[in-house]
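In case you want the letters, here they are:
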Protein chains: 2
Amino acid sequence: MSELFQKLQPYLDRAFALGSACTLFNWDQYSAPKESIENTAKIIGILSGEQYRALINDQVKELLPRLSTEDAQKELSFHEKAIVRLLNKQYDKLSLIPPEEYSAYSALLAQAYPIWEAAKNNNDYASYAPTLEKIIEYSKKFAAYAQKDGQTLYDAALDDYEEGFTTQILDDFFGRLRTALAPLVKAIRQKQDVINVRCLQKFYPADTQKEFCHFLAQYIGFDFNRGLMSESEHPFTTNLHNHDVRFTNHYYENKLDSAIFSAIHEAGHGLYEQGIDDDITMTLAGGGTSMGMHESQSRFYENNVGRSLEFWKPIYGKLVQLYPQQLSDVSLEEFYKAINASCPSLIRTEADELTYPFHIMIRYEIEKAIFAGEVTVDELPALWNKKYEEYLGITPQNDTEGILQDMHWSGGSFGYFPSYAIGSAIAAQIYHHLETVMPVKTCLEEGNLMPIRDYLKEHIHRFGCCKTTQEILTDMTGEGFNPEYYIQYLTEKYSRLYELR
Amino acid sequence: MSELFQKLQPYLDRAFALGSACTLFNWDQYSAPKESIENTAKIIGILSGEQYRALINDQVKELLPRLSTEDAQKELSFHEKAIVRLLNKQYDKLSLIPPEEYSAYSALLAQAYPIWEAAKNNNDYASYAPTLEKIIEYSKKFAAYAQKDGQTLYDAALDDYEEGFTTQILDDFFGRLRTALAPLVKAIRQKQDVINVRCLQKFYPADTQKEFCHFLAQYIGFDFNRGLMSESEHPFTTNLHNHDVRFTNHYYENKLDSAIFSAIHEAGHGLYEQGIDDDITMTLAGGGTSMGMHESQSRFYENNVGRSLEFWKPIYGKLVQLYPQQLSDVSLEEFYKAINASCPSLIRTEADELTYPFHIMIRYEIEKAIFAGEVTVDELPALWNKKYEEYLGITPQNDTEGILQDMHWSGGSFGYFPSYAIGSAIAAQIYHHLETVMPVKTCLEEGNLMPIRDYLKEHIHRFGCCKTTQEILTDMTGEGFNPEYYIQYLTEKYSRLYELR
């Protein structure tokens, strides 16, 4: 380790440990006593403040430029270089924001979640609008601080989640998706009788679902010695380090597919975190490189792998054994079709693979309009509903199933949504690439999923944030982000499923 | 708040938040993934270091004496005064230890637990002895730093857990216990056929036990909106603040009484923590005032209340309903006797109420000998076995059921054990006092436990550490610690149970 870098280490360690404590408190809140929140929020507030101060201080301010000189960089290892790059980015971003604005914003966000939640539960957008307006003001202000030459304001917001993915790139991306997929969505609306999903809506006791989901996570390669599966209202994945990766699931007894695909999805995120090198876990570089790349891993397993016929061939029998009464008269083929049924719907998190990108497109366009100042907070619900009608041919009957459905904006996450669609596109690109280096379908049919996990670990996971999304894609597949594979995949799959040719 | 105290507040807040993070990590480790420990230990190490530095630093060093002057004290509230007193005590203790010794000791302790655990599992005292020897060296050294005029070295160690309880007081205490109770223990050994405990050893499915334990905790007043019950190998209680108090339990399907009395015991600890004032929770004064007082609350509920006939009158029917096959032919009287059976045994944590103090007496005498340099580490197992033979008439067949059974010494906790016996004695003293202010037995027979909890809250719990154990006892009962009530209680109860008069 370079001597100069060694001086930085205690600050990094402290920030990491404090960040881990916040992560654990957040994880814990799903099982914490009901009335603990108010006091515990104070504790989390103090710890986050300390985490901020561990990095944003005079000592780090003095060390960072010295570590960034050409000479100093020569002394650094590959990992250390990445850490200095990431710290510079984080430092620039945070130090541009006046501390008092950062505190006021944090306090605003702490209040915003319950306000949003109540508004959603009561279908009362008006009660949330003033808070949303303030969050938008701050988000635009902070984006302006970070905005570089040639960037739009929204570009600066996007940069937080997906480095290098500008409005220009995303306009093109979503444009191509729309052109290719909108006719497909429309055609499928006329053929809803081709697939019958009733077999998934029988009564499926939760305990057995849990057992099967545990099996599935392990089956795709999730290591339960270094991770665990728990429960919460909305499934999510979190981690303390590469030896402690946790995901949750939620079991609906009349929707068999919900927990199954959540488990595969979250375990996909988990594989990424478990696959990160021991050398960089517990450092700034020890997480997934971007939201989109993370989402690509979960969606790769959930959709490209998990919703394929090949995946189910060796294991569908196990599921039938667990639910003989419910499934013994359902063929593998019928099951496969049911888990891939497509139908425009209002709720993003429940959308099928084909209509999903339209939900993202709508949010992307609305966020762009917000950052361009083209729409007021009061006009948002109507704009939202108009776009659902335009893209999916359906209209929310109220704001709860419309603009209030997602929590993201209440947490200040503007520019986050596009990563979901980017992730799906990367997943398809990776799947296409994998087929050129190994017999993927045969692996799946033989129940041999380890070569897939190991390849992803070797080319993606282990690097953490030491490579960018584009670097990983280029080094692995020989080309950068290319959404054509995604379009091709969805077009072929759904044309076949709905007998459109 | 005084201006000067306000300057101290950020340091207190920071130390508290960091301590809470460590508490949560410790709580979490019981469900954390198997292989997470090594990385997570590093995080905990950093957080504890930060916690130390949050209090032991030049700013606090400068503020504390200024806050301790007579003039400054006049400006402080009752709570603030207590916090300054506690901080002074903690500061003195920690600042006397050279930082490098403190670090080396922390590192030693971090290794010691698994070494002790392995030694216990393999009945291999020799493999643990060198580590124990080092821990003893440090403990004696640190006690010497803290030792005041007129104190023995062991007095200084005792002071950490039980302020004011010196060797002199404890010699007298244990002497009286021995004189009064040893003949009783001996007499009961000859009358083992009086009580039959087989009714507790049938098959009792764990799920139902869990349900009943949850009921019991609630029944004595534990608030599940501000707390929760979980599972671990050994039951324990922990808390983040008065709105987040957690205890664990362990279910043995052929020992009905184990989980029942653990639940009542831990919920008793929980009531203490939940009863602490909102004004002082999340401060240095926001915990139980001493180990002994804490243990008095758990044992009061477990033994004085929970093992009384009156307690079971209104609820035994519920237990029979849950286990009709196992208990419908067992009368309340038989059940009451079974849960109070006394028989000398080797393991402290499984001991009955009457023989329990002898387990503590043995440890007390051995610790005293260790601190007086009268026994070497190699001689400890033989001394242990000799004392078990002497006091309880039984001899461990190996060190696993002898000197290796407790984890306390591996964590450097010398001087801790006496608190268990002090707690039992205080519990009896409190019970005796309670009977002078309310019809305790009638409350129990009517299933009306809230007046008891509320009285304890009013006179003990709410003060946290703002009063010492002796102050609480004196203010509440009109006299200081008096073990006679304990001796009287055990003598009467067990003479009656075993028909000795």
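Please read these numbers as outputs of a predicted model, since none were measured by experiment.

Peer 1: I'm lost on the overall build of chain A in this one. Help?
Peer 2: In terms of helices and strands, chain A carries 23 helices and three strands. Taking 23 Å as the expected radius of gyration for a compact globule of 501 residues, we find that chain A reaches 23 Å, a close match to that expectation. With respect to the three principal axes, the spread of C-alpha positions in chain A is 70 × 50 × 50 Å. Looking at the 501 residues of chain A, the share that counts as buried comes to 56%.

Peer 1: I'm lost on the relation of the copies chain A and chain B in this one. Help?
Peer 2: There are two copies of the chain, and a rotation about an axis plus a shift along that axis relates them. Laying chain A over chain B is done by rotating through 180° and shifting 0.0 Å along the axis; what remains is an RMSD of 0.0 Å. Look at the turn and shift together and you get a two-fold axis relating the two. Closest approach to the rotation axis among the C-alpha atoms of chain A is made by alanine 21 of chain A, whose C-alpha sits 2.8 Å away. In this assembly, 100% of the residues forming the interface of chain A have copies in chain B that are likewise at the interface, indicating an isologous arrangement.

Peer 1: What is the right way to look at the packing of helix α11 (residues 256-274) of chain B against helix α12 (residues 291-305) of chain B in this model?
Peer 2: Helix packing geometry: the angle between the two helix axes and the distance between the axes. Residue and element names in this part refer to chain B. Running from N to C, α11 and α12 point in directions that differ by 135°, and their axes come no closer than 7 Å. When the interaxial angle is binned, α11 and α12 end up oblique. Remark: the crossing between α11 and α12 carries right-handed chirality. Of the residues in α12, those in contact with Phe261, Ile264, His265, Gly268, His269, Leu271, Tyr272 and Glu273 of α11 are Met293, His294, Glu295, Gln297, Ser298, Arg299, Tyr301 and Glu302. Of the residues assigned to the contact of α11 with α12, the class counts are six nonpolar, six polar and four charged.

Peer 1: Got a minute to help me understand the environment of leucine 109 of chain A in this structure?
Peer 2: Residues and elements named next belong to chain A. The residue leucine 109 is located in helix α6 (residues 99-122) in this model. Along the primary structure leucine 109 and asparagine 239 are separated by 130 residues, whereas in three dimensions their C-alpha atoms are 22 Å apart. If we skip the residues at most four places from it in the chain, leucine 109 touches Ile135, Ser410, Gly411 and Gly412.

Peer 1: Any chance you could explain the sheet that holds strand β2 (residues 237-241) of chain B here in plain terms?
Peer 2: The strands that make up a sheet pair up through hydrogen bonds in the backbone, lying either parallel or antiparallel. Residue and element names in this part refer to chain B. Within the open sheet, the three strands sit side by side as β1-β3-β2. Their pairing is mixed. Sheet topology places β1 (227-231) and β2 at the edges, where each strand pairs with a single neighbour. This sheet shows a mean twist of 20° between the axes of neighbouring strands, independent of strand direction. Two elements, β2 and strand β3 (residues 244-249), share four bridges in a ladder whose sense is antiparallel. Across the sheet, the residue bridging to histidine 241 is aspartate 244, located in β3. Lying on the sheet, α11 is in contact with β1, β2 and β3; it crosses β3 at an angle near 165°.

Peer 1: Quick question: what am I supposed to make of the packing of helix α17 (residues 356-371) of chain A against helix α18 (residues 380-392) of chain A here?
Peer 2: All names here are of chain A. Relative to each other, α17 and α18 sit at 145°, their axes nearing to 10 Å. By crossing handedness, the relation of α17 to α18 is classed as right-handed. Contacts between α17 and α18 involve Phe358, His359, Met361, Ile362, Arg363, Glu365, Ile366 and Ile370 from the former and Leu380, Leu383, Trp384, Lys387, Tyr388, Tyr391 and Leu392 from the latter. Grouping the amino acids of the contact of α17 with α18 by side-chain chemistry returns eleven nonpolar, one polar and three charged.

Peer 1: Can you help me understand the pattern of salt bridges in this one?
Peer 2: When the charged atoms of two side chains lie near each other, side chains of opposite charge can form a pair. All names here are of chain A. In total, this model carries 60 salt bridges over all chains according to the counting rule given. With its nearest N and O atoms 3.9 Å apart, the salt bridge here joins aspartate 207 to lysine 210. Here aspartate 207 pairs with lysine 210, and both are found in helix α10 (residues 206-220), just three residues apart, close to one helical turn. Taking relative accessible area as the criterion, lysine 210 reaches 28% and is therefore assigned partly exposed.

Peer 1: Sorry, what's going on with unusual backbone geometry here?
Peer 2: Most peptide bonds are trans, and most residues other than glycine sit at a negative phi. All names here are of chain A. Look at asparagine 123: it is not a glycine, yet its phi comes out positive at around 50°. When you line up the elements, asparagine 123 lands in the loop between α6 and α7 (125-146). One non-glycine residue, glutamate 499, adopts positive backbone phi at about 50°.

Peer 1: Where do I start with the confidence of the model for chain A in this structure?
Peer 2: Caution applies to low-pLDDT parts of the model: their predicted coordinates are not meant to be read in detail. The predicted model of chain A has a mean per-residue pLDDT of 95, with 100% of residues at 70 or higher. As scored by the predictor, the complex reaches a pTM of 0.90 and an ipTM of 0.89.

Peer 1: Explanation requested: the UniProt feature "active site" (unreviewed entry) in chain A in the structure shown.
Peer 2: Residue and element names in this part refer to chain A. In the numbering used here, UniProt assigns the feature "active site" (unreviewed entry) to Glu266. Here glutamate 266 lies in helix α11 (residues 256-274). If near-sequence neighbours (up to four positions away) are discounted, glutamate 266 is found in contact with Pro235, Phe236, Thr237, Phe247 and Thr248.

Peer 1: Would you explain the UniProt feature "binding site: Zn(2+)" (unreviewed entry) in chain A in this entry?
Peer 2: All names here are of chain A. In the numbering used here, UniProt assigns the "binding site: Zn(2+)" (unreviewed entry) feature to His265, His269 and Glu295. These annotated residues cover 31 residues of sequence, and their C-alpha atoms lie no more than 8.7 Å from one another, placing them together at a single site. Along the polypeptide, histidine 269 turns up in helix α11. Judged by relative accessible area, histidine 269 falls into the buried class, the value being 10%. If sequence neighbours within four positions are ignored, histidine 269 has contacts with Thr237, His294, Glu295 and Ser298. Within the element layout of this structure, glutamate 295 appears in helix α12 (residues 291-305). Setting aside chain neighbours within four positions, we find glutamate 295 in contact with His265, His269, Ser419, Tyr420 and Gly423.

Peer 1: Just checking my understanding: could you explain the side chain of serine 36 of chain A for this structure?
Peer 2: Residue and element names in this part refer to chain A. Secondary-structure assignment places serine 36 in the loop between α1 (3-28) and α2 (37-55). Its relative accessible area of 1% is what places serine 36 among the buried residues. Reaching out from serine 36, the side chain makes a polar contact with the backbone oxygen of proline 33 at a distance of 2.7 Å.

Peer 1: How do you make sense of the sheet that holds strand β1 (residues 227-231) of chain A when you look at a structure like this?
Peer 2: Residue and element names in this part refer to chain A. Reading across the sheet, the three strands line up as β1-β3-β2 and stay open at both edges, with mixed pairing between neighbours. The sheet is open, and its two borders are formed by β1 and β2 (237-241), each paired with just one other strand. Each adjacent strand pair in this sheet contributes to an overall mean axis angle of 20°, direction not counted.

Peer 1: Explain the interface of chain A and chain B to me, please; I cannot follow it from the model alone.
Peer 2: Often, the extent of an interface is quoted as the loss of accessible area on bringing the components together. The partner chain B presents 36 residues to the 36 residues of chain A that form the contact. Of all residues in chain A, Pro33, Glu35 and Asn225 of chain A bury the most surface against chain B, accounting for 18% of the area lost on that side. Linking chain A with chain B are six salt bridges. A salt bridge links arginine 14 of chain A to glutamate 50 of chain B; its shortest N-O distance comes to 2.9 Å. Remark: the boundary between chain A and chain B carries 16 residue pairs in polar contact (both at pLDDT 80 or more). Put simply, the parts of the chain that give the side of chain A that touches chain B at least two residues each are α1, α2, β1, β2 and β3 (244-249) of chain A.

Parameters at a glance
Residues numbered from 1 in each chain as written. Chains lettered and ligands numbered in written order. Predicted model: local features only at pLDDT ≥ 70, side-chain atom pairs only at ≥ 80, totals over all residues. Heavy atoms only, no water. Helix = DSSP H or I, 4+ residues; strand = E, 2+ residues; numbered from the N terminus. Rg over C-alpha atoms; globule rule 2.2 N^0.38 Å. Buried < 20%, exposed > 50% of the residue type's maximum accessible area, 1.4 Å probe, protein only. Least-squares fit on C-alpha atoms with pLDDT ≥ 70 in both. Contact = heavy atoms within 4.5 Å. Axes fitted to C-alpha atoms, helices over the stretch in contact; angles between N-to-C directions. Parallel < 35°, antiparallel > 145°, perpendicular 65-115°, else oblique. Left-handed = near helix turned anticlockwise from the far one by under 90°. Nonpolar A, V, L, I, M, F, W, Y, C, P; charged D, E, K, R; others polar. Pairing = 2+ DSSP bridges. Salt bridge = Lys/Arg side-chain N within 4 Å of Asp/Glu carboxyl O. pLDDT = per-residue confidence, 0-100. UniProt positions renumbered as here; feature names shortened; annotations may be inferred. Polar contact = N/O pair within 3.5 Å; in protein donor to acceptor, adjacent residues only side chain to side chain. Buried area = accessible area lost by both parts, 1.4 Å probe.

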